[in-house]
Amino acid sequence: MGKIIAIANQKGGVGKTTTAINLSSALGFADAKVLVVDMDPQGNATSGLGVVLSDESASIYDVLIGRAETKSTIRPTKIENLDIIPGNINLSAAEVELVTEMSRETKLKKALACVRDEYNFIMIDCPPSLGLLTINSLTAADSVLIPLQCEYYAMEGLGQLLNTIRLIRESLNEDLELEGILLTMFDPRNNLSKEVQKQVEEYLHDSIFNTIIPRNVRLSEAPSFGQSIIEYDIKSKGAASYIELAKEMLARLP
Ligand code: ADP
Ligand code: MG
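Residues numbered from 1 in each chain as written. Chains lettered and ligands numbered in written order. Predicted model: local features only at pLDDT ≥ 70, side-chain atom pairs only at ≥ 80, totals over all residues. Heavy atoms only, no water.

1. Some thoughts on the environment of Phe29
Mapped onto the elements of the fold, Phe29 is located in helix H1 (residues 16-29). Between the alpha carbons of Phe29 and Glu80 there is a distance of 6.9 Å; along the sequence they are 51 residues apart. Aside from chain neighbours lying at most four places away, what touches Phe29 is Ile230 and Ile234. (Helix = DSSP H or I, 4+ residues; strand = E, 2+ residues; numbered from the N terminus. Contact = heavy atoms within 4.5 Å.)

Here's what the structure looks like:
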C-alpha cells in the first residue's frame, strides 16, 4: 500500500510545489510508482508537470464534490512512473462548497483509498492556507513534509502549523506522522541562510531531512517549460538535491 505524504506549509512561496514536482519526479526516476495530487487552486503542480487542462477536464475538485471517480481523473505525465490528479481554480470553490457537507474533512481520504494500492507514493501538494483543502490533505496523509524557506521569518507560522497537525492527530487522523522539515532555497553564501539552518536545527533537530535544497535558478526556470528538473537540467545542483532527497526517503522505507 502506497505511502501518502502531504507537502504542507500555510506560507506561500516556500517550495511546496517545487518539492512536489521534483521529489515525485526523482522518485519516479528511481523506479517508484508515484501519484501527485494537486490540491492547490493555482494548479502549479499540474502545469509544472506539463499537463494542460481544457475547460472540461476533470480535476480533484470533481472528485471531492462527488462528480467524478478518482481513477477517471488520473493523467499520465511525460515522466515514467509518474501520474497526476490535476488541480485547477475550481478548487477555490470547494473550500466553500464542502463546508455544509457531511464528513467534509475526509473526502480526499476516501477518494484516495481506491488508488493507494497502485502507487508506492502519493504526494499531495497543499495550498498556502490551513483551510479545508489542507485539512483534507492532512487527514488523508500518513505523514507531512514541511518545506521551510531559509529566509527571514522562516519559523514564523511553523508553530501554528505544528499545532494544526496536533489537532488533526487528536480528531481526524491519529497516525499522522511528521515526515520531516525540508530546508529549501538554501544559499551557503548568505549568512541568513546559515542562521536559519542553525535555528531550525536547535529547535527541531530530529525532524530535519539531511538533504538541503539549495537556491538554484534552474529549479525556478523548469516550470515555465512544463518540466521537472530531471527533464530540464539533470546536471543542475537543484536536480542533484532532489535526487538525494528521493534516496533519503527511499532509505527510510521499512
Ligand atoms: P509554494 O508552492 O510553497 O508556494 P513554490 O514551489 O511555488 O512555492 O516556489 C515559490 C517560487 O520559488 C517559485 O517561483 C519557484 O520556482 C521558486 N523556487 C522554489 N524552490 C526554489 C529553489 N530551491 N531555488 C530557486 N527557486 C526556487
Ligand atoms: Mg504551490
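Further notes follow.
2. Details of the pairing of strand E2 (residues 34-38)
Of all five residues in E2, five are buried; the element is thus mostly enclosed. The alternating pattern of E2 places Val34, Val36 and Asp38 and Leu35 and Val37 on opposite faces, both of which are buried. Pairing between E2 and strand E5 (residues 121-125): five bridges, direction parallel. Residue Val37 lies in a different strand from E5, and its bridge partner there is Ile124. (Buried < 20%, exposed > 50% of the residue type's maximum accessible area, 1.4 Å probe, protein only. Pairing = 2+ DSSP bridges.)

3. Section: the UniProt feature "domain: AAA" (unreviewed entry) in the chain
UniProt records the feature "domain: AAA" (unreviewed entry) for residues 3-177 in the present numbering. The straight-line gap between the two end C-alpha atoms of residues 3-177 is 11 Å; of that span, 35% is helix and 17% is strand. (UniProt positions renumbered as here; feature names shortened; annotations may be inferred.)

4. Brief notes about the pairing of E5
Consecutive side chains of a regular strand alternate in pointing toward one face of the sheet and then the other. Of all five residues in E5, five are buried, a share of seventy percent or more. Burial along E5 is two-sided: Phe121, Met123 and Asp125 and Ile122 and Ile124, pointing in opposite directions, are all buried. Two elements, strand E1 (residues 3-7) and E5, share five bridges in a ladder whose sense is parallel. For Ile4, the partnering residue across the bridge sits in E5 and is Ile122.

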